[in-house]
Amino acid sequence: MNDWNESDAFEAAVPLSRQAMGARATPYMEGLNPAQRTAVETLDGPVLMLAGAGTGKTKALTTRIAHLLMTGRAQPNEILAVTFTNKAAREMKNRVGSLLGEMVEGMPWLGTFHSLCVKILRHHAELVGLKSNFTILDTDDQIRLLKQLVRADHIDEKRWPPRLLAGLIDGWKNRALTPENVPAADASAFNHKGTDLYEAYQMRLRALNACDFGDLLLHVVVIFQKYPEVLQKYQRWFRYILVDEYQDTNVAQYLWLRLLAADHKNICCVGDDDQSIYGWRGAEVGNILRFEQDFPGATVVKLEQNYRSTPHILAAASGVINGNENRLGKTLWTDRTEGEKVRLIGHWDGEEEARSIGEEIDNLQRGTRGLDKISPESMAILVRASHQMRAFEDRFLTIGLPYRVIGGPRFYERMEIRDAMAYFRVAVSNDDGLAFERIVNTPKRGIGDKAQQTINLKAREHGVSMLEGARILVSEGGLPKRALGTLKTLLDGFDRWSTLIRDDKINHVEIAQQILEESGYTDHWRTDKTPEGPGRLENLKELVKALEPFENLQGFLEHISLIMENEQEDQTEKVSIMTLHAAKGLEFPVVFLPGWEDGLFPSQRSMDETGLKGVEEERRLAYVGITRAEAHCTISFAANRLIFGQWQSSLPSRFIDELPSEHVEVLTPPGLYGGGYGAAAPSGESEMDSRVARADAYNSPGWKRMQARSARRGVGKPTEVKNIVIDAQAVSSFGLGDRVFHQKFGYGAVIGIEGDKLEIAFEKAGTKKVIASFVSGASEIPF
DNA sequence: TCATCGCACATTTTT
DNA sequence: TGTGCGATGA
């Protein structure tokens, strides 16, 4: 599958008939708005397509490809089209295909950065000291390798965890830095040994004939920079370059693109600076902000007409994103006029929030809100951090609401899958040491650390692979008897399986089954008594099924190293729960955005680590979240949350203050503060509208009064709530030193006042900041 | 070599 | 609260 096939990639494909197109109009261009049309038709020179959320970016991009082909500007194999994910690549392929019917043979150079790099690198591997059949390590292998190196250097793994080193190295690779280029400023990294270990790691990889993900790009960039004649060949070949999600590119990817575009200069980058949310893994918003300087004479096209959301939703999103300084500046608009305001709800705690959202979803799917029934599939809950999902899962399980969690550990990352693949890897190529290490003692064969070290030693001493080393040891008898026997069995197994693979007489699916069976791996899970056992067996079956479409095991392994996704769409209608990151690019009629509390969202860590830059990225995340919604968007926050078994109280997110109040409907949670604010107290809203439509409307006295008022009116939940919120006088009447009571934290003394927020030293729970309305004077508690 | 205990720790994730 | 890792003992 990944075989680099010259004829595929470079030989002229069947030319498209120019007459055939000339005769007809351009039906594939129908339905484009003027901006999209410009983006499609501006073929010469650099183009930056700034495409806001829901503005038909993929449509413009795919139509542009169709246009290039139909006008005869380029053959399918002369277009380089790059995406980040396999999913995006697949979608693009399909959409180009359907635009043009069956007229175009596949585009060999449409793919992810990584898959395209593999293709190039296999062809020039020797230039960076690799063989063209190099293997690709995933993060797991990478960490294990680094661990070995860290240990070999006698570094305290507690203080200097290998993962940290992995992060550093990834960071360097993202910035296209080889060990010799690591800036002096980074010299102190990892106990002053970072650079050396990086170098050692690269040497080790070369010895293993392996690459990590970062290397795929780095090596190609290095080759391009060092061997102009190689670069030139590609530069000349790719007449047109298209890049999706340009705001997510890192330095290495940027360099890669610049080098390739330097000849024809026909590069079209599509992206949205406001949706750059991957800075933490090396993405440089700067790339898109700098585009016009980097590519002089660039045409910039802004796609601003939004086809997804209602005006209120767009306005709310704009209000939030306007808080960012560094933007190219777009304003989404729509010609729609109808629609609900964004709804804002505060809750007492996370559980309450989950309950409320569960109820709301239930109402929506039954059509109780006087609206049409909405299928659960059309609804999504988008959270900042995955631990927030639990509350919803728990709740939905109890009320029997079908849900699906998107993201989480992917299929090919699961332990049993990786183990099974390690078996395949060793069977296919006996010298895959990392894979051998992984499974030599799985299932348990009495070959522990000690024995593995001996094997390793023996292998190095003879300059052979681990498997060969093990073979020598077995023949010499250099291991405990028990280990010797099991190891021999395993080695015989690999002999047998490798022969089967080489002979190619039996179907590879059968071979795979045989390997898993004879190695004892399937039995290992069959006899496993943990609750996961059956599921893992199930996954193994899935894995074997996934082998079917491939020619052989080898083809499967090559392909799979770059595809770590889980494609099992079950068609039952379910509510989706996912992180905001995972939601990028998706859309739902109904979106819930829970957990908008300072510290959770924006995340404390992000703010601590990168300061203002971090807040801005979090703000973009908020923008991404809101713009996922087509018709209904509900933002909520909880005053208290159980985090790591500890109650923490928090303040509503600063992003809530940034929502323009005229596009927000403030609701009180049913049951908590009494409910029905919107129905019974229209005054609150007009009050807020008359206020300067600015950020702190929610901190304003009006907001507080409103909260207090609805609280007083409330019936409340019998136990929890009645005495939490007290009236407006109390809100403003606390003074330093006052003794107060808080429902979850108990008694405490006010030690600081900051607007409507109090800093309170609780007797049991420590010092916390709380909204004044959530505490009451200690004497007022109506028990 | 393997099982158990105790401790530190705790975003976001694609390839 | 819970997990995952490393140190500890059988």
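Thresholds, definitions, all that
- Residues numbered from 1 in each chain as written.
- Chains lettered and ligands numbered in written order.
- Predicted model: local features only at pLDDT ≥ 70, side-chain atom pairs only at ≥ 80, totals over all residues.
- Heavy atoms only, no water.
- Helix = DSSP H or I, 4+ residues; strand = E, 2+ residues; numbered from the N terminus.
- Polar contact = N/O pair within 3.5 Å; in protein donor to acceptor, adjacent residues only side chain to side chain.
- Contact = heavy atoms within 4.5 Å.
- Near = heavy atom within 4 Å.
- Nonpolar A, V, L, I, M, F, W, Y, C, P; charged D, E, K, R; others polar.
- Salt bridge = Lys/Arg side-chain N within 4 Å of Asp/Glu carboxyl O.
- Buried < 20%, exposed > 50% of the residue type's maximum accessible area, 1.4 Å probe, protein only.
- Pairing = 2+ DSSP bridges.
- Axes fitted to C-alpha atoms, helices over the stretch in contact; angles between N-to-C directions.

Participant: What is the right way to look at the side chain of glutamate 597 in this model?
Facilitator: For glutamate 597, the position within the fold is in the loop between strand E13 (588-593) and helix H29 (604-626). For glutamate 597, the side chain forms a polar contact with the side chain of arginine 641, separated by 2.6 Å. Setting aside residues up to four positions removed in sequence, glutamate 597 forms contacts with Pro602, Phe637, Ala638, Arg641, Ser650, Leu651, Pro652 and Ser653.

Participant: Whenever I open this one, the protein's contact with DNA strand B confuses me. Can you help?
Facilitator: Around DNA strand B sit 31 residues, and of these Arg384, Ser386, Arg410, Thr579 and Ser603 come closest. Between DNA strand B and threonine 139, the relevant distance is 3.5 Å, taken from a base oxygen to a side-chain nitrogen or oxygen of the residue. One of the side-chain N or O atoms of threonine 579 is found 2.5 Å from a phosphate oxygen in DNA strand B. Per element, the largest residue contribution to the surface near DNA strand B is four residues, and it comes from H29. For the surface near DNA strand B, the per-class residue count stands at seven nonpolar, 13 polar and eleven charged.

Participant: Got a minute to help me understand the protein's contact with DNA strand C in this structure?
Facilitator: Around DNA strand C sit Lys147, Arg151, Glu157, Arg390, Phe644 and Gly645, and those are all the residues in its vicinity. Taking the atoms of DNA strand C that fall within 4 Å of the protein, sugar and phosphate contribute 27% of them. Here phenylalanine 644 contributes a backbone N or O atom positioned 3.3 Å from a base nitrogen of DNA strand C. A class-by-class count of the residues in the surface near DNA strand C yields one nonpolar, one polar and four charged.

Participant: Where do I start with the pattern of salt bridges in this structure?
Facilitator: Taken as a whole, this structure holds 47 salt bridges when the rule is applied. In this structure, the salt-bridge partner of arginine 418 is aspartate 140, at a minimum N-O distance of 3.4 Å. A residue pair is termed long-range when its members are at least 10 positions apart, and arginine 418 in helix H19 (residues 415-428) and aspartate 140 in helix H7 (residues 139-152) qualify at 278 residues. Here arginine 418 falls in the buried class, since its relative accessible area comes to 9%. What makes aspartate 140 partly exposed here is its relative accessible area of 36%. Aspartate 186 is the salt-bridge partner of arginine 175, the closest N and O atoms lying 3.6 Å from each other. One end of the pair, arginine 175, is in the loop between helix H8 (162-174) and helix H9 (189-192); the other, aspartate 186, is in the loop between H8 and H9, and eleven residues separate them in sequence. Residue arginine 175 is classed as partly exposed on the basis of its relative accessible area of 37%. Three or more residues are tied together by salt bridges with common partners; here these are Asp138, Asp140, Asp141, Arg144, Arg418, Asp419, Arg425, Asp432 and Arg438.

Participant: Sorry, what's going on with helix H22 (residues 466-476) here?
Facilitator: Side chains three or four residues apart in an α-helix point the same way, a direct result of the helix having 3.6 residues per turn. For H22, the full list of buried residues reads Met466, Leu467, Gly469, Ala470, Ile472, Leu473 and Val474. Tucked into the core, H22 has its buried residues touching H19, helix H20 (433-439), helix H21 (449-462) and helix H23 (481-503).

Participant: How should the pairing of strand E12 (residues 575-579) be read in this particular structure?
Facilitator: As a general feature of sheets, a regular strand has side chains that alternate between the two faces. Of all five residues in E12, five are buried; the element is thus mostly enclosed. Because side chains alternate across E12, one face comprises the buried residues Val575, Ile577 and Thr579, and the other comprises Ser576 and Met578, equally buried. In the sheet, strand E10 (residues 379-383) pairs with E12 via four bridges, with the strands oriented parallel. Bridging from a neighbouring strand, valine 383 pairs with threonine 579 of E12. Note that strand E11 (residues 403-405) and E12 share three bridges and pair parallel. Within the sheet, the bridge partner assigned to arginine 404 lies in E12 and is serine 576.

Participant: Would you explain the side chain of glutamine 247 in this entry?
Facilitator: Tracing the backbone through its elements, the reader meets glutamine 247 in the loop between strand E6 (240-243) and helix H13 (251-261). Glutamine 247 sits in the buried class, given a relative accessible area of 0%. Side-chain polar atoms of glutamine 247 contact the backbone nitrogen of aspartate 272, separated by 3.0 Å.

Participant: How do you make sense of the sheet that holds strand E3 (residues 110-112) when you look at a structure like this?
Facilitator: Sheet strands line up and pair through hydrogen bonds in the backbone, either parallel or antiparallel. Across the sheet, six strands lie side by side as E3-E2-E6-E7-E1-E8; this open sheet has parallel pairing. Bordering the open sheet on either side are E3 and strand E8 (299-303), each of which pairs with just one other strand. On average, each strand axis in the sheet is inclined to that of its neighbour by 15°, with strand direction left out of account. Where strand E1 (residues 47-51) and strand E7 (residues 267-271) come together, four bridges link them in parallel fashion. Along E7, the bridge assignment pairs leucine 48 with cysteine 269. Seen against the sheet, helix H3 (residues 34-41) touches E1 and E8 and runs at an angle of roughly 145° to E8. Contacts between helix H6 (residues 113-124) and the sheet are confined to strand E2 (79-83), E3 and E6, with E3 contributing the most and set at about 105° to the helix.

Keep in mind that these numbers describe shape and distance, not what the molecule does.
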